[in-house]
Amino acid sequence: MRVISQYRSVPNDDVPVVLSRDGPHGPVVQCANTAAANRGIQPRDRIVDAQAIHPDLHVEAADLEGDQILMQRLVHWARRWCPWTAQDGADGLFLDITGAAHLFGGEAQMLRDIVQRFAMQGLTAKVALAPTAGAAQALARYSPHTAICHQSTVAAHLAALPVQALRSDAQTNRLLTRLGLKTIGALEAVPRQALMRRFSHMAADLNPLILLDKAMGKTPDPLNAPADHITFTVRSRLPEPVIDPIPHLKGLVDDLCATLATAEQGARQLLLTIYRIDSECRSVSVVFAKASRDPAHVLRLFDGKLDGIDPGFGFDLLTLEATRVEPVSLVQDRLDGTRDTQTDIAGLLDRLTARLGQDRITWSSWTQTHKPERVEGRIPALQGGPSPALLVCHERPIRMLKPAEEVHVIYAVPEGPPSQFRWRRVVYKTTRHAGPERIAPEWWRDKPGTRLRDYYKVEVQDGRRFWLYREGLLHDGRGDDPRWFVHGFFA
Amino acid sequence: MENDSTYGRVLHLPRRIASSQQSGPHPAALPSLTDMLTPIPSDPSATGFLLASLSEITGPILWVQDHASRRENGFVYTPGLTRFGICHPILQVHVSHARDVLWAMEEGAACAGLSAVVGEVHGAPAVLDFTATKRLAMRADVSGVPVFLLRSSDPGVLSAARDRWRVTSLPAQPHPHDARAPGAAQWDVDLFRARGRAPGRWVASYEPDHARAADRLRLVSRPDAGPMDARDQPIPERSKR
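Residues numbered from 1 in each chain as written. Chains lettered and ligands numbered in written order. Predicted model: local features only at pLDDT ≥ 70, side-chain atom pairs only at ≥ 80, totals over all residues.

**Student:** Residue-level account of the overall build of chain B, with values.
**Tutor:** When helices and strands are counted, chain B shows 5 helices and 12 strands. Looking at the 241 residues of chain B, the share that counts as buried comes to 44%. If you take every contact in chain B between residues at least 6 apart in sequence, the share linking residues at least 24 apart comes to 75%. (Helix = DSSP H or I, 4+ residues; strand = E, 2+ residues; numbered from the N terminus. Buried ≥ 20, exposed ≤ 12 C-beta atoms within 10 Å, placed from the backbone. Contact = placed C-beta atoms within 7 Å.)

Quick look at the structure:
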């Protein structure tokens, strides 16, 4: 079976296409399609050589990691045919169909089904059925037609295949070819003792005799199948369509939390899906600040979230799935009977976020800068924790306006803040002031032409203390007369 | 010599006991639900007084603002809070309607991990009635988390808050080094409704240099703070010659 990366647009069969990967001396061919292979392009050829010979060659970069991820998904997908599947090399799958073939109407019918289902996914599968894994992969890769062999016929099927089909290393293959042992049948015909001495120093997974024994079924070759992914999904099928999901939610949540508790997991994200009778589905998702499996807490997060869900003409199936889980061990109260308050805050963050939205609940984040409005940023509470505040030497207001609001100067004085100004339609008279504190623009961040600011702490006649600033200086060449803004309030 | 002159006699003026000593707890001790009203908008004095009374806290604060109060009064600027000794993080929640402020405050009041819950509402929205404040106060009574309601430009409608303060700015104390500059902040605080103690009116200021955190908020009686109390004591006589 050959994994072909997804093309942006699938080329025709007569267009030669190769996939390239990085080799030690420049890019090399990872694999070639039929048209390219017919022209004699082999894997591990240099791309530049191939392009020089075939100017119309299409070269695409191979996505090896993507292929690997796809293969791992296919390993689990292939369990639709049998319970034991494993990956074989970079481009193969082993399916142990012992006792499963009759479910698909016999072995030949099953192989046809496998080829067909892979083709439906856009993948070309070459399949073979043999009593051992070694024989099956050799037949799948090197046999010209789909082979089905049994214990009695495996030797006959393998005899015609080249020795490369045993998948020893290149050096051994070359040695065997030099000895005149070009096929597996020839290798098997040689007396064993003569060869055993020559290959006795080789590792077991490269020794051609041991590989041959495994393929023939004389040595056991167990399949190591990876464990199934555990999905935490509960569903509730209803006898007839309903409109309101809320009465069914409690049962679902209780079931899911019990499942999670058995597996010692906690959910970080839940997805509730309703399947409507008009073949549509709607889902609602909730996120947790800390993994949880407390049914009461989960139920509270769904409060009010289901009002916006559109049930259409009703739905008859609900599923609740934990899309992200984390291990959570049992939580125990402290010895003195008090609870861990960190858990309380995580629960509070969950409830606030579920109802108000993620961007509304924020912690402070800090930036090293002189601009007062840039020092403190906001990060959503579910994405990051609180960080310790930066130390600011100068006196800073306790409240800030965003953006700063312009004041109308009524009576300016040459030095210092205006002695009378109007802000929000009220006239203020300055009684005392402190300053200025000059904050220059940061040339590495600000746009060119940004003006400096002179900040003043200004007390007005009713006792309030404003933080005013003048943007720019007179005749600084960066605009008109400087304007005044109120930026914050002192206590 | 003793009889012909009042020289050396100490005038026995009665002295008012500060209202803070009349009842047990400190006037700014933290009850369950406290209203802090500022009659005019964008007056930061209530925030200052609130922060001064919060300087003993030991955990994060939940600060909920509705959109109108954020536009009128600005948002809380954490670098300015370090002067009040508040170095714990503030979880800011910004909602659009006063209804959500009340809901978020109720959620916060039920969370024992917080050290205080502050909600800010501008004006007098219809949802913030006596029932809503009663609900908040009872929720705060159960959990023990102090809850504050900052209400700017509030007409003084009915509220079930245990303590209700009206706070306005006063001209600052003189600056120790610069006669033209304002010094430490002062506020006129008026406790006009209180449960379990007498209301009163003080001039409050914050003195960050005190060793005990409880002493940093200083309350001084105003000279025009009403009639003498029956328990007011005369100034004790100095040692007689």
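**Student:** Break down the interface of chain B and chain A for me, citing the residues and quoting the values.
**Tutor:** Taken together, the contact between chain B and chain A spans 42 residues of the former and 41 residues of the latter. With 5 residues, strand E5 (residues 90–94) of chain B is the largest single contributor of residues to the side of chain B that touches chain A. Here the side of chain B that touches chain A is composed, by residue class, of 24 nonpolar, 13 polar and 5 charged. (Nonpolar A, V, L, I, M, F, W, Y, C, P; charged D, E, K, R; others polar.)

**Student:** Let's hear about the environment of Ala291 of chain A: which residues, and what values?
**Tutor:** Residue and element names in this part refer to chain A. Summarising the element assignment, Ala291 is placed in strand E10 (residues 281–292). The exposure class assigned to Ala291 is partly exposed, which follows from the 18 C-beta atoms found within 10 Å. The spatial distance from the C-alpha of Ala291 to the C-alpha of Arg268 is 4.8 Å, given a sequence separation of 23 residues. The residues contacting Ala291, other than those within four sequence positions of it, are Gly266, Ala267, Arg268, Glu326 and Val328.

**Student:** Let's hear about the confidence of the model for chain A: which residues, and what values?
**Tutor:** When pLDDT is averaged across chain A, the result is 88; 97% of the residues are at 70 or more. Note on residues 1–7 of chain A: pLDDT under 50 across the span, and 20 contacts to partners over four residues away in sequence or across chains. (pLDDT = per-residue confidence, 0-100.)

**Student:** Pulling in residues and values, what's your account of the confidence of the model for chain B?
**Tutor:** Residues and elements named next belong to chain B. Of the residues in chain B, 79% have a pLDDT of 70 or more, and the chain-wide mean is 81. Averaged over each element, pLDDT in chain B is lowest for helix H1 (residues 19–22) (46) and highest for strand E3 (residues 61–65) (94). Across residues 19–25, confidence stays below pLDDT 50; counting only partners more than four residues off in sequence or on other chains, it has 12 contacts. Here residues 235–241 scores under 50 on pLDDT; set against residues more than four positions off or in separate chains, the count is 6 contacts. Confidence estimates for the predicted assembly give a pTM of 0.66 and an ipTM of 0.80.

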